[in-house]
Amino acid sequence: MVNTILKEADLFCPNSVRINFTIYHINTNNPEVQRTNSLSLAKKLSDDFTNPIIVKIISRHHKLQTNKDETQIKVSRTFLSELKLLAYLDNAEVVSVIEKAPENLSRVHYGMNNFYNEPPFAERLDEIVSQIKPIPSVIRESFINEILTCYFGNQYGVSDAALPFYKKMIQNLTPKEIDYLLRLLINKNEEVKEILRKSWKKQLLTELIESIMPNIKGNDDLTNIYKQFLKQYKITNS
């Protein structure tokens, strides 16, 4: 049924109706199946969203904020995330969107069966931060700390299914975020030494450095911090 509606939408829907498809999902009074179908429609049509349509969607979201209905606001933010529209939110709201994702990831990382439970939370965090560059400075610390913690896993290993998301997020760090990451590694003296004592964690560290090297090269400030990192831990620059 959804596929049939999608085909009809592609053929007949004017912009005003497409906007209605997108905002319908936000109404939490609608049955879940209808809201899910609405989201499917919106994602199907999102490639054709014009600037006026995006403005309408964001305006609708801001109107929900004035009503202070936290349930609808949360649903709306999820909706915007699914449509990859988080970059259109203001800085304060971006912080609200991001702040819970590292906390949720941390909770499952330190919980039971973390190798099994981590992947969807890692994927969710990746989906969010891929839309928002740079990460707001007030959330940068918790974000990078959590990514590093999960990336290096625990004494039993890492979540193999979550690891690609951690690698992607590290690879996509901005120069300022790489600066923070390197300084964090320099300050985590005992933790890094422990990493270097275990061959599989040392390999992860090598892969981490390799993934950020393209952003380090040509940047004098990052190069200097990188050299400091190598010197502190007596790592040979291959």
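Residues numbered from 1 in each chain as written. Predicted model: local features only at pLDDT ≥ 70, side-chain atom pairs only at ≥ 80, totals over all residues. Heavy atoms only, no water.

1. Side note on the overall build of the protein chain
Next up, step 1: When helices and strands are counted, the protein chain shows 13 helices and 0 strands.
Next up, step 2: Along the chain direction, N to C, the helices and strands of the protein chain fall in the order α-α-α-α-α-α-α-α-α-α-α-α-α.
Next up, step 3: Each of the 238 residues in the protein chain was classed as buried or not, and the buried ones make up 45%.
Next up, step 4: Restricting the contact set of the protein chain to residue pairs at least 6 apart, pairs at least 24 apart contribute 70%.
Next up, step 5: Element-wise, carbon and sulfur atoms account for 50% of the exposed surface of the protein chain, whose accessible area totals about 13,400 Å². (Helix = DSSP H or I, 4+ residues; strand = E, 2+ residues; numbered from the N terminus. Buried < 20%, exposed > 50% of the residue type's maximum accessible area, 1.4 Å probe, protein only. Contact = heavy atoms within 4.5 Å. Areas by Shrake-Rupley, 256 points an atom, 1.4 Å probe, with all protein chains shown as cover.)

2. Quick word on the packing of helix H3 (residues 32-45) against helix H5 (residues 70-82)
The description of two helices packed together rests on the angle between their axes and the distance between the axes.
Next up, step 1: In the contact formed by H3 and H5, the axes pass within 10 Å of each other and the chain directions differ by 35°. The two elements H3 and H5 meet at a crossing, and its hand is right-handed. Here Arg-35, Leu-39, Ala-42 and Lys-43 of H3 come into contact with H5, specifically with Val-75, Phe-79 and Glu-82.
Next up, step 2: The class makeup of the residues in the contact of H3 with H5 is 4 nonpolar, no polar and 3 charged. (Axes fitted to C-alpha atoms, helices over the stretch in contact; angles between N-to-C directions. Left-handed = near helix turned anticlockwise from the far one by under 90°. Nonpolar A, V, L, I, M, F, W, Y, C, P; charged D, E, K, R; others polar.)

3. Looking at the packing of helix H11 (residues 189-197) against helix H12 (residues 199-216)
Next up, step 1: At a closest axis distance of 5 Å, the pairing of H11 and H12 adopts a crossing angle of 110°. Relative to H12, the element H11 is oriented roughly perpendicular. Across from Ile-195, Leu-196 and Arg-197 in H11, the residues of H12 making contact are Ser-199, Lys-201, Lys-202 and Leu-205.
Next up, step 2: The class makeup of the residues in the contact of H11 with H12 is 3 nonpolar, 1 polar and 3 charged. (Parallel < 35°, antiparallel > 145°, perpendicular 65-115°, else oblique.)

4. Topic: the packing of aromatic side chains
Aromatic ring pairs are defined here through the distance separating the ring centres and the angle between the ring planes.
Next up, step 1: Within this structure, the stated rule accounts for 2 aromatic pairs.
Next up, step 2: Ring centres of Tyr-151 and Phe-152 lie 5.0 Å apart, and the angle between their planes is 80°; this geometry places the pair in the edge-to-face category.
Next up, step 3: The exposure class assigned to Phe-152 is buried, which follows from its relative accessible area of 6%. (Phe/Tyr/Trp six-rings, centres within 6.5 Å; stacked < 30°, edge-to-face > 60°.)

5. Overview of the pattern of salt bridges
Charged atoms that come close allow side chains of opposite charge to pair.
Next up, step 1: Under the defined criterion, the tally for this structure stands at 8 salt bridges.
Next up, step 2: Here Lys-100 makes a salt bridge to Glu-103, at a shortest N to O gap of 3.6 Å. Residue Lys-100 and its partner Glu-103 are located together in helix H6 (residues 91-109), separated by 3 residues, close to a single helical turn.
Next up, step 3: Ionic pairing is found between Glu-194 and Lys-198, a salt bridge with its closest N-O pair at 3.8 Å.
Next up, step 4: The class for Glu-194 is partly exposed, based on a relative accessible area of 32%.
Next up, step 5: Residues joined in a network through salt bridges with shared partners are Glu-194, Arg-197 and Lys-198. (Salt bridge = Lys/Arg side-chain N within 4 Å of Asp/Glu carboxyl O.)

6. Some thoughts on the side chain of Asn-114
Next up, step 1: Relative to the elements of secondary structure, Asn-114 occurs in helix H7 (residues 114-129).
Next up, step 2: Owing to a relative accessible area of 9%, Asn-114 belongs among the buried residues under this scheme.
Next up, step 3: Every residue in contact with Asn-114, bar those within four places of it in the chain, is listed here: Val-108, His-109, Asn-154 and Ser-159.

7. A closer look at the side chain of His-109
Next up, step 1: In this fold, His-109 is placed in helix H6.
Next up, step 2: The class for His-109 is buried, based on a relative accessible area of 5%.
Next up, step 3: For His-109, the side chain forms a polar contact with the side chain of Glu-118, separated by 2.7 Å.
Next up, step 4: Dropping the residues within four chain positions of it, His-109 is found in contact with Asn-114, Glu-118, Glu-146, Thr-149, Cys-150 and Gly-153. (Polar contact = N/O pair within 3.5 Å; in protein donor to acceptor, adjacent residues only side chain to side chain.)

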